Amino acid sequence: MFTLENVFAGYGGTVILRDVSLALPSGSVAALLGPNGAGKTTLLRVASGLLRPTSGTMTFDGVDVTGARPHQLAARGVCHVPEGRAVFPSLTVRENLALSGRRGTEALEKAVGAFPRLGERLTQLAGTMSGGEQQMLALARAYVSNPDVMLLDEVSMGLAPKIVDEIFEFLGRVAREGASLLLVEQYVSRALALADFVYLLDRGQIVFRGEPSELDGDDVFAHYLGSEVGHTH
Ligand code: ATP
């Protein structure tokens, strides 16, 4: 179980997250939704240790990890896939995977098992691949580190529908294998199809928490997400 309890955080003097509490039980998928600027990325940055909460508590499997650095959380199995393409563009696919912390053929086989396309491109420089392929590589790098918790920030953003399908298939696979996912997604319906829990963030506060089924016909959802409701492609 990964938790944030009564977390406040921000930048300089600006408070962004206000009294945020969120629980991600082991092996579960939570969708973190909300309008632009609500603080979703900020929340993931706190969860990954990139941004220290100004107050509140974070725990992982019962251990207080408040204020832990990103590498310390990574060592515990918390892995962050930030917005954008988290790859080293001037290194090959193989080198990018080797830098994920796990070397050898096992990691390579795991990456290629998840995204066969990467197997055909092991010697290609990551920066010369398509946006979708780079995102697959970024996800594969996270996956081969065998994370217990994956924090995923709009990993399908700007990609072709076919690639988005592949990425969601991959996320389903990671979830079935037992990792917990905290998913910030613009594709609300797809995220909800995968999610056990939904958190709705607005202006730095959690305004709804529940199961996806509880959102059916709930105007809280339409109110905060507007036209994004039903956005599936
Ligand atoms: P989006 O869906 O548009 O990506 P978001 O919900 O992820 O939005 P955040 O990126 O967390 O929202 O931003 C929340 C607020 O924090 C915004 O008002 C943003 O301008 C502000 N903010 C983000 N990063 C910084 C920073 N490094 N310094 C100061 N303010 C920041």
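Reading the values: the criteria
Residues numbered from 1 in each chain as written. Predicted model: local features only at pLDDT ≥ 70, side-chain atom pairs only at ≥ 80, totals over all residues. Heavy atoms only, no water. Near = heavy atom within 4 Å. Polar contact = N/O pair within 3.5 Å; in protein donor to acceptor, adjacent residues only side chain to side chain. Areas by Shrake-Rupley, 256 points an atom, 1.4 Å probe, with all protein chains shown as cover. Helix = DSSP H or I, 4+ residues; strand = E, 2+ residues; numbered from the N terminus. Nonpolar A, V, L, I, M, F, W, Y, C, P; charged D, E, K, R; others polar. Buried < 20%, exposed > 50% of the residue type's maximum accessible area, 1.4 Å probe, protein only. Pairing = 2+ DSSP bridges. Axes fitted to C-alpha atoms, helices over the stretch in contact; angles between N-to-C directions. Phe/Tyr/Trp six-rings, centres within 6.5 Å; stacked < 30°, edge-to-face > 60°. Lys NZ or Arg CZ within 6 Å of the ring centre and 35° of its normal.

Undergrad: Could you give me a rundown of the site of the ligand, with the residues and numbers involved?
TA: For the ligand, the full set of nearby residues is Tyr11, Ile16, Pro35, Asn36, Gly37, Ala38, Gly39, Lys40, Thr41, Thr42 and Glu154. The separation between an oxygen atom of the ligand and a polar side-chain atom of Asn36 is 3.3 Å. Backbone polar atom of Gly37 to an oxygen atom of the ligand: 2.8 Å apart, as the coordinates give it. Alone, the ligand offers 630 Å² of accessible surface; in the complex the protein occludes 58% of this. Among the elements that line the shell around the ligand, the one with the most residues is helix α1 (residues 40–47), at three residues. When the residues that make up the shell around the ligand are grouped by side-chain class, the tally is four nonpolar, five polar and two charged.

Undergrad: Hey, could you go over α1 for me, with residue numbers and the actual values?
TA: Counting buried positions along α1 yields six of eight residues, so the element is predominantly enclosed. Turning to α1, its buried residues number three or more, namely Lys40, Thr42, Leu43, Leu44, Val46 and Ala47. Remark: Gly49 follows α1 within two positions and exhibits a positive phi of approximately 90°.

Undergrad: Lay out the sheet that holds strand β10 (residues 205–210) in plain terms, naming residues and giving numbers.
TA: Here we have six strands laid out as an open sheet, ordered β6-β7-β8-β3-β9-β10, and mixed in their pairing. Of all the strands in the sheet, just β6 (78–81) and β10 have a single pairing partner and so form its edges. Each adjacent strand pair in this sheet contributes to an overall mean axis angle of 15°, direction not counted. Where strand β3 (residues 29–33) and strand β9 (residues 197–202) come together, four bridges link them in parallel fashion. If you follow Leu33 over to β9, its bridge partner there is Leu200.

Undergrad: Could you give an account of the packing of aromatic side chains, with specific residues and numbers?
TA: Taken as a whole and assessed by the stated rule, the structure comprises three aromatic pairs. With centroids separated by 5.2 Å and ring planes inclined at 85°, the aromatic side chains of Tyr143 and Phe170 adopt a geometry described as edge-to-face. In this pair, Tyr143 is assigned in helix α6 (residues 131–143) and Phe170 in helix α7 (residues 161–176), connecting sequence segments 27 residues apart. Pair check on accessibility: Tyr143 and Phe170 agree, each one buried. Aromatic ring contacts, followed pair by pair, group Phe115, Tyr143 and Phe170 into a single cluster. Note that Lys110 overlies the ring of Tyr143, its terminal NZ or CZ placed 4.3 Å from the centroid.

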